Structure formats: structure tokens, C-alpha cells
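# Architecture and fold: a report
Chain by chain, the residues run as shown.
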Amino acid sequence: MGTVDETTVAVSRVSGRGLRRPWLAPKLWLHQARFWLGAIAVALIVVVFSQASDHAQAVFQMTLGRWGPYTPFLLSPAGLALAVWLTRRFFPGAQGSGIPQVIAALHISDQRAISALLSARIAVGKVLLTLIGLGVGASIGREGPCVQLGASIMDVLGRFDTHARPRPHLRRAFVLAGGAAGVAAAFNTPLAGIVFAIEELSHSFETRASGTTLTAVILGGITTLALVGNYTYFGVTSVSLAVGPGWLAVLVCSLAGGLAGGLFSAILVRASRGLPGLAGRLVIGHPFAFAALCGFLLAALGWLSDGTTYGTGYAQARHLVEGSAHVPWDFPFLKLAATVVSYLSGIPGGIFAPSLAVGAGIGKLLAPLVPGAPAAAMVLLGMVGYFAGVVQAPITAAVIVMEMTDNQTMTVPLLATAMLAFAVSRSFCRRPLYGALAERFLIALGRRSA
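What you see is a predicted model, and the numbers here were worked out from it, not measured in a lab.

### Quick word on the overall build of the protein
Each helix and strand in the protein was counted, giving 20 helices and zero strands. Going through the 450 residues of the protein one by one, you find that 57% of them count as buried. The contacts in the protein between residues at least 6 apart in sequence include a share of 82% that link residues at least 24 apart. Per element, the accessible surface of the protein, about 18200 Å² overall, is 68% carbon and sulfur.

Laid out in C-alpha cells, this is it:
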């Protein structure tokens with residue numbers, strides 16, 4: 001699959017033997033076994049983490065049902081302050097999505113710096129702190145943490161080479177494969193995992209890493225299927241968009257999604273350089289008080305939205321895709337604000353799932369403007385338009401929505417919407433969100449080593 005070739009070269013250099021019978025070399029098979037076990041371990045841990053995330057959200061909802069809708073005004077501030085304290089005290093480097101850390105690790109050669117971004121300690125902290133965030137109502141997702149978790153697992157295993165000094169390109173291949181396997185296992189979307197690794201993590205598809213990534217996703221996908229079955233994240237929809245007036249939906253959703261997604265990314269990029277005024281001074285001087293304030297704002301947004309802005313947004317997005325429930329008209333605006341507040345608080349957590357929920361709400365809100373397009377199609381196009389505007393990875397956005405809904409008939413409209421939304425987003429946020437955030441980690445690492 002590609003890993004055999006690159007490993008064979010490394011092993012032959014160490015052992016001094018030729019490549020006449022590489023398949024008989026014990027070192028080669030030990031390396032391969034470590035890689036295969038790593039890919040399976042990523043899927044196993046991600047599945048357990050995903051189920052734990054669902055349980056954490058369920059516990060939060062049970063708390064609301066038992067103690068009332070005003071409970072988050074106490075629970076969320078205390079929970080976010082605790083999560084930020086734990087992050088700074090025990091798990092520095094675990095804050096935020098996790099994807100920028102992986103991108104930063106893929107673009108540096110300092111082995112100690114990579115270990116600082118992808119250590120086992122950070123992986124454990126990422127899981128624990130994301131669960132705490134979901135347990136107190138934060139608007140975060142698990143997919144970003146899954147990427148960092150997968151990359152950390154594979155990087156740790158990749159360093160266990162007693163026969164040779166780990167080679168940078170092999171270590172990079174392990175990290176890339178782990179990140180791709182994390183996305184694939186989190187949503188049961190193997191194709192999206194591969195495309196995400198190409199388009200967002202590495203920005204290229206190197207021959208020596210291609211087989212590693214594909215193998216990891218395949219092994220992780222098989223493991224996920226064995227554990228949870230062949231499910232689709234947002235269910236199955238057979239909606240289609242016929243050529244004609246209904247295609248106005250592509251233009252409407254790409255403009256709205258690209259605009260909203262670009263502004264969201266611009267806010268986070270600007271915040272990564274420091275908040276202005278009183279908020280900035282509060283973050284620097286009193287980070288735990290600022291996190292508690294963010295928790296109060298999160299509770300207020302949840303109260304205004306009848307509780308729909310808490311958590312990943314998975315339930316709301318799925319209901320919108322299936323057309324099985326109603327959400328408030330202002331849901332996408334409040335959910336976007338809740339996601340910004342959750343991110344600014346400094347806790348770990350991803351933005352994939354909340355972004356998909358915001359996009360679904362945008363599509364539903366705009367559906368009356370395009371009567372020639374089915375409402376379900378507008379939801380899918382709004383989802384891909386906003387998501388592409390946020391991450392500025394249009395192919396990943398189209399593929400992940402297609403796989404999450406098991407709908408190939410919408411492939412062309414989804415791709416068209418994603419590409420147009422990407423162009424609109426770039427006019428508001430010139431730098432891709434994850435790339436810009438990765439630069440902040442690289443700058444911090446450079447200051448630390450100076």
C-alpha cells in the first residue's frame with residue numbers, strides 16, 4: 001500500500017542488506033505490525049471517545065431536565081473555568097481544536113517540538129477536557145480532538161523504533177495517517193478522512209505518504225464498521241436538485257454560507273492574536289474569570305435558543321436533514337455565537353460538528369427564498385456552504401456532507417456550492433483558519449525554544 005516501500009528502504013539502510021527479499025525482514029514486519037496496530041487503536045479509541053462524548057451530552061441534558069433551564073448559569077461558568085485551569089496546569093497545548101497542532105507538527109522537523117504538540121499526555125488531556133466541555137454545555141465538536149488524538153497515537157507508536165533513528169518523512173507519514181484515521185473514525189467517513197488529509201493537513205499528496213494514509217483509513221474504517229456498524233452520521237437522504245430554477249439554491253447558499261463562514265473564521269483568527277481592550281486584558285490577567293464569563297454567555301445563549309445551542313449540534317442538524325423537527329429561526333445565529341464563545345474561552349474542542357449544525361440552520365432559514373428547491377436540499381447546501389466557508393477546504397466539505405448523508409445524487413451541487421462559498425470566504429478571511437492557527441503554535445514553539 002505504499003508503506004512497505006518506504007519502510008523497506010529505511011530497514012535496508014539500517015541492516016545493510018539489499019532489497020532482494022524485503023518481505024522476509026523481521027524489522028520490516030515489526031514496523032508494519034506497529035503501524036497496523038496503531039491504525040486499529042486509533043479507531044478503537046475514537047469510537048470509545050465518540051460514545052463518551054454522546055454520554056457527556058446526555059448527562060448535561062438530564063441535568064437540565066432535573067434542575068431546570070437555569071442550571072447552566074451556574075454549571076457552565078464553573079465547568080469552563082475548571083477546564084481552562086486543567087488545560088493550563090496539566091495539559092498545555094491541548095487547547096482549541098487540535099487540527100492546527102497537527103498541521104504545525106507536519107511542517108516542522110524538530111522532533112522535540114513535534115513531541116510537544118502530539119504527546120500522549122496531550123492526547124489524554126484532549127479527551128478528558130473535551131468531555132468536560134460537552135458535559136457543561138459548550139458548543140464544541142469531537143472531530144478536531146479526534147484528529148489530534150489519532151496523530152498523537154500514531155506518532156507515539158512511530159517513535160518506538162529500537163533499530164533506527166526515526167526518519168522525519170516516516171514520522172510525518174505516521175502523523176498524517178493518524179489524523180486522517182481520526183476524522184474517518186469520528187464520522188464513519190473514510191473518503192472524507194483521506195481528502196481531509198490531502199487538502200487540509202498536508203496540502204499535498206506525497207507518494208511516500210499516500211499508501212500510509214490509505215492503509216490507516218482502511219484499517220480504521222474496518223475497525224469502526226466492526227464496532228458500530230455501517231451507519232451514516234446524519235442518516236440517509238435521497239433528495240436531489242434538478243437542473244433548472246432550483247439551482248438558484250447553489251448561489252444563495254454559497255453566498256450566505258461563505259459570508260458567515262468567512263466572518264466566523266476571521267473572528268477566530270483575529271482572536272488568536274489577542275482580544276482587544278478589556279477582554280484582552282481579562283484573558284491575560286484573569287483567564288479563569290474570563291472562562292467563567294464565557295460560560296455565563298454560553299448559558300444565556302442556550303436559554304435564548306431553548307437549549308438548542310448546547311453541545312455538538314448533532315441532533316439539531318440531523319433533524320434538519322431529515323425534516324423531522326423544528327428549530328428556532330434564529331438557531332444558526334445563536335449557535336454560531338455559542339461556538340465563538342466556547343472557542344474564545346480557551347477550552348479544547350472542535351468546530352466541525354457545530355459548523356455543520358450552523359450551516360444546516362442557514363439552509364433551512366433560506367429555504368423559502370428558493371421555492372424551486374426542496375427544503376432538504378437547501379439544508380445540505382447550507383451545511384456545505386458554511387462549512388466550506390469556515391475551513392476553506394471545499395472538496396473536504398462536499399465529500400464529508402455527501403458521506404454523512406449517503407447522498408451521491410447531490411455531489412455536483414454540493415461541490416459547486418463549496419467552491420463558490422470558498423471564494424466568498426476568502427474575500428473576508430484571506431488566511432485559512434487552521435493554517436493561521438497553526439502558525440500561532442509555531443510562533444509559540446519558536447519563542448519557547450529561543
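Still to come is the rest of the account.
### What to know about the confidence of the model for the protein
Across the protein, the average pLDDT comes to 83, with 84% of residues at 70 or higher. Segment residues 1–19: pLDDT under 50, and 35 contacts once partners within four positions in sequence are set aside and those in other chains are kept.

### Structural notes on the packing of helix 16 (residues 352–366) against helix 17 (residues 375–391)
Contact geometry for helix 16 and helix 17: axes closest at 6 Å, N-to-C directions at 135 degrees. In this view, helix 16 runs oblique relative to helix 17, as classed from their interaxial angle. Taken as a pair, helix 16 and helix 17 cross one another with a handedness that is right-handed. Together, Phe352, Ser355, Leu356, Val358, Gly359, Ala360, Ile362, Gly363, Lys364 and Leu366 of helix 16 and Met378, Val379, Gly382, Met383, Tyr386, Phe387, Val390 and Val391 of helix 17 make up the contact between the two elements. Class assignment for the residues of the contact of helix 16 with helix 17 results in 13 nonpolar, four polar and one charged.

### A look at the packing of helix 3 (residues 72–90) against helix 13 (residues 287–304)
Running from amino to carboxyl end, helix 3 crosses helix 13 at an angle of 145 degrees, the nearest separation of the two axes being 7 Å. In this structure, helix 3 meets helix 13 at a crossing whose hand is right-handed. Between helix 3 and helix 13, the contacting residues are Pro72, Phe73, Ser76, Pro77, Leu80, Ala81, Val84, Trp85 and Arg88 on the first element and Pro287, Phe288, Ala291, Ala292, Cys294, Gly295, Phe296, Leu298, Ala299, Ala300 and Trp303 on the second. Broken down by class, the residue content of the contact of helix 3 with helix 13 amounts to 17 nonpolar, two polar and one charged.

### Some points on the packing of aromatic side chains
Under the definition given, this model contains 11 aromatic pairs. Members of the aromatic cluster, each reached through a chain of ring pairs, are Tyr70, Phe73, Phe296 and Trp303. The positively charged end of Arg89 is found above the aromatic ring belonging to Phe90, 4.8 Å away from the centroid.

### Section: unusual backbone geometry
The phi dihedral of Gln392 is positive, around 55 degrees, even though this residue is not glycine. Tracing the backbone shows Gln392 in the loop between helix 17 and helix 18 (394–405). The exposure class assigned to Gln392 is buried, which follows from its relative accessible area of 6%. Within the chain, Asp406 stands out as a residue other than glycine whose phi angle is a positive 50 degrees. In this structure, Asp406 sits in the loop between helix 18 and helix 19 (411–426).

### Regarding the layout of surface pockets
Of the voids in this model, the largest pocket is the one considered here, and its volume is about 1100 Å³. Where the lining of the largest pocket is concerned, the elements lending two or more residues are helix 3, helix 4 (99–106), helix 5 (111–117), helix 11 (248–272), helix 12 (277–285), helix 13, helix 15 (331–344) and helix 20 (433–449).

### Focus on a nonpolar patch on the surface
On the surface, Ile40, Leu44, Ile45 and Leu227 cluster together into a nonpolar patch covering about 300 Å² of accessible area. Looking at the nonpolar patch, the element that brings in the most residues is helix 2 (residues 26–67), giving three residues. Looking at where Leu227 falls in the secondary structure, it is placed in helix 10 (residues 207–228).

### Overview of the pattern of salt bridges
For the structure shown, the criterion picks out three salt bridges. In this structure, Glu439 engages Arg431 in a salt bridge whose closest nitrogen and oxygen atoms are separated by 3.0 Å. Arg431 gets classed as partly exposed once you look at its relative accessible area, which sits at 37%.

### So, the side chain of Ser265
The residue Ser265 is located in helix 11 in this model. Taking relative accessible area as the criterion, Ser265 reaches 0% and is therefore assigned buried. Not counting residues within four places of it along the chain, the set of residues in contact with Ser265 comprises Gly389, Val390, Cys429 and Leu433.

What counts as what
Residues numbered from 1 in each chain as written. Predicted model: local features only at pLDDT ≥ 70, side-chain atom pairs only at ≥ 80, totals over all residues. Heavy atoms only, no water. Helix = DSSP H or I, 4+ residues; strand = E, 2+ residues; numbered from the N terminus. Buried < 20%, exposed > 50% of the residue type's maximum accessible area, 1.4 Å probe, protein only. Contact = heavy atoms within 4.5 Å. Areas by Shrake-Rupley, 256 points an atom, 1.4 Å probe, with all protein chains shown as cover. pLDDT = per-residue confidence, 0-100. Axes fitted to C-alpha atoms, helices over the stretch in contact; angles between N-to-C directions. Parallel < 35°, antiparallel > 145°, perpendicular 65-115°, else oblique. Left-handed = near helix turned anticlockwise from the far one by under 90°. Nonpolar A, V, L, I, M, F, W, Y, C, P; charged D, E, K, R; others polar. Phe/Tyr/Trp six-rings, centres within 6.5 Å; stacked < 30°, edge-to-face > 60°. Lys NZ or Arg CZ within 6 Å of the ring centre and 35° of its normal. 1 Å grid on protein atoms, 1.4 Å probe; cavity = no way out; pocket = protein on both sides within 12 Å on 5 of 7 lines; lining within 4 Å. Points joined across faces, edges and corners; volume = space filled by probe spheres on them. Patch = residues over 30% accessible without salt bridge, like charges linked within 9 Å, V, L, I, M, F, W, Y side chains within 5 Å. Salt bridge = Lys/Arg side-chain N within 4 Å of Asp/Glu carboxyl O.

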